[in-house]
Amino acid sequence: MSASRVAPVLFRSACLVGLLSLAFLANAQTPAEAQRVNKGKPMQVTSRDGTRIAYDRRGNGPAVIVVNGALADRSGNAELAQLLAAHLTVYSYDRRGRGDSTDSPPYSVKREIEDIEALIDAVGGSAHVYGKSSGASLALQAASVLGEKVKKLALYEAPFSDAEGAAKEWRELKVKIDRLLAADGRADAVTHFLKFVGAPDEAIAQMKASPAWPGMVAMAPTLAYDIAVVGDDRSVPVGMAAKIRAKTLVMDGSASAGPMPFMRATADKLAKVIPGARRQVVEGQAHDVSAKALAPILLKFFD
């Protein structure tokens with residue numbers, strides 16, 4: 001079996017660590033820490049279709065909007081926001097259908113781009129944007145559409161893949177998730193997604209027994225959104241990337257190169273087609289990148 005054929009399977013195992021940390025993220029902060037990060041109710045902005053997008057603001061300096069990946073809400077950005085706050089104003093938001101944000105079906109990627117545009121307009125008309133995982137896929141598309149409104153763009157491991165077999169597996173995942181959600185099987189959809197990325201039954205059982213599980217189930221419909229954001233066949237969107245005019249930093253983690261070789265290939269390809277893009281490998285980091293490792297890089301780039 002070729003390395004490219006093995007890549008989709010290895011991707012599932014490598015994502016497990018990040019998903020497990022995500023599942024228990026809600027319990028990682030003490031009440032005092034949570035209060036320091038989110039004082040009172042979140043701020044809100046109304047998107048073009050009437051969807052209310054909830055967000056937190058922290059820090060002083062140029063604005064940077066953080067775009068999350070699958071099954072994540074704005075609470076997951078607390079540590080990164082704290083590390084950036086001395087030099088940047090960090091806007092962490094709940095993507096539509098998550099946390100304190102509302103939703104307005106039918107879904108389209110265009111509407112998620114409009115959500116980012118509404119945030120940018122609310123913070124002064126232009127901003128830096130950082131996206132991780134499928135959030136990087138969304139941030140890339142937003143930058144290609146919004147032009148000068150995105151001043152600088154930082155991407156970490158957008159999960160596009162041109163590896164052999166990736167497109168077929170992605171289409172199969174979409175069909176299965178859509179079918180489960182249509183039958184209101186939210187818990188089953190989350191479970192199937194976790195199994196797709198390689199979570200063993202024991203780990204899934206631990207997630208289901210944790211206080212974080214109801215929140216994951218509540219976000220289940222947004223799995224379809226993330227699948228749409230990454231695309232019908234998951235291929236690297238070279239045409240769209242070539243339209244980006246913002247100064248761009250494309251990153252992957254050195255620890256991802258072994259289990260997820262397609263991440264390196266994807267990052268290399270994006271850096272080549274985005275005009276003037278910078279390329280950086282974050283040493284010692286995998287898909288679940290540490291905020292402490294990432295913050296200095298973002299501070300330097302967004303300076």
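Residues numbered from 1 in each chain as written. Predicted model: local features only at pLDDT ≥ 70, side-chain atom pairs only at ≥ 80, totals over all residues. Heavy atoms only, no water.

### Quick word on the overall build of the protein chain
Quick reminder of the rule: Helix and strand definitions follow DSSP, with helices as H or I runs of at least four residues and strands as E runs of at least two, each counted in order from the N terminus. In this scheme, a residue with accessible area under 20% of its type's maximum is buried, one over 50% is exposed, and one in between is partly exposed, where area comes from a 1.4 Å probe on protein chains only. Any two residues whose heavy atoms approach within 4.5 Å are treated as being in contact. Calculation of accessible area relied on Shrake-Rupley with a 1.4 Å probe; when residues are assessed, cover is drawn exclusively from the protein chains displayed.
Across its full length, the protein chain carries 13 helices and 8 strands. Within the protein chain, the proportion of its 303 residues that are buried is 51%. For the protein chain, the share of sequence-separated contacts (at least 6 apart) that also reach a separation of at least 24 residues comes to 79%. Accessible area for the protein chain stands at about 13,100 Å²; split by element, carbon and sulfur atoms hold 53% of it.

### Points about the packing of helix H5 (residues 134–146) against helix H10 (residues 221–230)
This is how the line gets drawn: Throughout, an axis means a line fitted to C-alpha atoms (over the contacting stretch in the case of helices), and angles, computed between N-to-C directions, take values from 0 to 180 degrees. Oblique is the label for any angle not covered by the other classes, which are roughly parallel (under 35 degrees), roughly antiparallel (over 145) and roughly perpendicular (65 to 115). Note on convention: the crossing is left-handed when the near helix lies turned anticlockwise from the far helix by less than a right angle, right-handed when the turn is clockwise. When residue character is reported, Ala, Val, Leu, Ile, Met, Phe, Trp, Tyr, Cys and Pro are called nonpolar, Asp, Glu, Lys and Arg charged, and the others, Gly included, polar.
In the contact formed by H5 and H10, the axes pass within 9 Å of each other and the chain directions differ by 55 degrees. Classified by the interaxial angle, the pair formed by H5 and H10 is oblique. Between H5 and H10 lies a crossing of left-handed hand. From H5, Ser-134, Ser-137, Leu-138 and Gln-141 reach across to H10, where they touch Asp-226, Val-229 and Val-230. A class-by-class count of the residues in the contact of H5 with H10 yields 3 nonpolar, 3 polar and 1 charged.

### Observations regarding the sheet that holds strand E7 (residues 247–253)
Using the following cut-off: Strands are labelled as partners when DSSP assigns at least two bridges between them.
A sheet is described by the order of its strands in space; here 8 strands give the open sequence E1-E2-E4-E3-E5-E6-E7-E8, paired in mixed fashion. Two strands in the sheet have a free side with no partner beyond their single neighbour: strand E1 (43–46) and strand E8 (278–282). Neighbour-to-neighbour, the strand axes of this sheet turn through a mean angle of 25 degrees, independent of strand direction. Here E7 runs beside E8; their pairing, made up of 5 bridges, is parallel. Bridge pairing in E8 places Asp-252 opposite Val-281. Across the sheet, H5 lies against strand E3 (63–67), strand E4 (89–93), strand E5 (127–132) and strand E6 (150–156), angled at about 155 degrees from E6, the strand it touches most.

### A short note on the nonpolar core
Defined as follows: Think of a nonpolar core as a cluster: buried Ala, Val, Leu, Ile, Met, Phe, Trp, Tyr and Cys residues, connected wherever their side-chain atoms sit within 4.5 Å.
If you look at the biggest cluster of nonpolar residues, it comprises 63 residues, and the most contacted ones within it are Tyr-93, Leu-153 and Leu-270. In terms of residue count, H5 provides more of this core than any other element does, 7 residues in total. Membership of the second largest hydrophobic core comes to 21 residues, among which are Val-66, Leu-84, Ala-154 and Ala-291.

### Looking at empty space enclosed by the protein
Under the convention used in this document: With a 1 Å grid spanning the protein atoms alone, the term cavity applies to any set of points in which a 1.4 Å probe fits but cannot get out, the term pocket to an open set with protein on both sides within 12 Å along at least five of seven lines, and the term lining residue to any residue with an atom within 4 Å of a point. Grid points are joined across faces, edges and corners, and a volume is the space filled by probe spheres set on the points.
This structure, assessed with the given rule, holds 1 cavity of 30 Å³ or more. Computed from the structure, the largest cavity encloses a volume of approximately 40 Å³. Lining the largest cavity, in full, are Leu-155, Glu-157, Ala-158, Val-250, Met-251, Asp-252, Met-263, Thr-266, Ala-267 and Leu-270. Those elements giving two or more residues to the lining of the largest cavity turn out to be E7 and helix H12 (261–273). Here the lining of the largest cavity gets 4 residues from one element, more than from any other, and that element is H12. A per-class count over the lining of the largest cavity returns 7 nonpolar, 1 polar and 2 charged.

### Overview of the packing of aromatic side chains
For the record, the criterion: Aromatic rings from Phe, Tyr and Trp, with only the six-membered ring used for Trp, were paired whenever their centres fell within 6.5 Å, and each pair was classed as stacked if the ring planes differed by under 30 degrees, edge-to-face if by over 60, and tilted otherwise. For a Lys NZ or an Arg CZ to count as sitting over a ring, it must be within 6 Å of the ring centre and within 35 degrees of the ring normal.
With the rule as written, the count across this model stands at 3 aromatic pairs. Measuring from centroid to centroid gives 4.0 Å for Tyr-107 and Tyr-225, while their planes differ by 5 degrees, and the two rings are stacked. A residue pair is termed long-range when its members are at least 10 positions apart, and Tyr-107 in the loop between E4 and helix H4 (109–122) and Tyr-225 in helix H10 qualify at 118 residues. For Tyr-107, a relative accessible area of 21% corresponds to the partly exposed category. If you follow Lys-152 out to its NZ or CZ, it ends over the ring of Phe-301, 5.4 Å from the centre.

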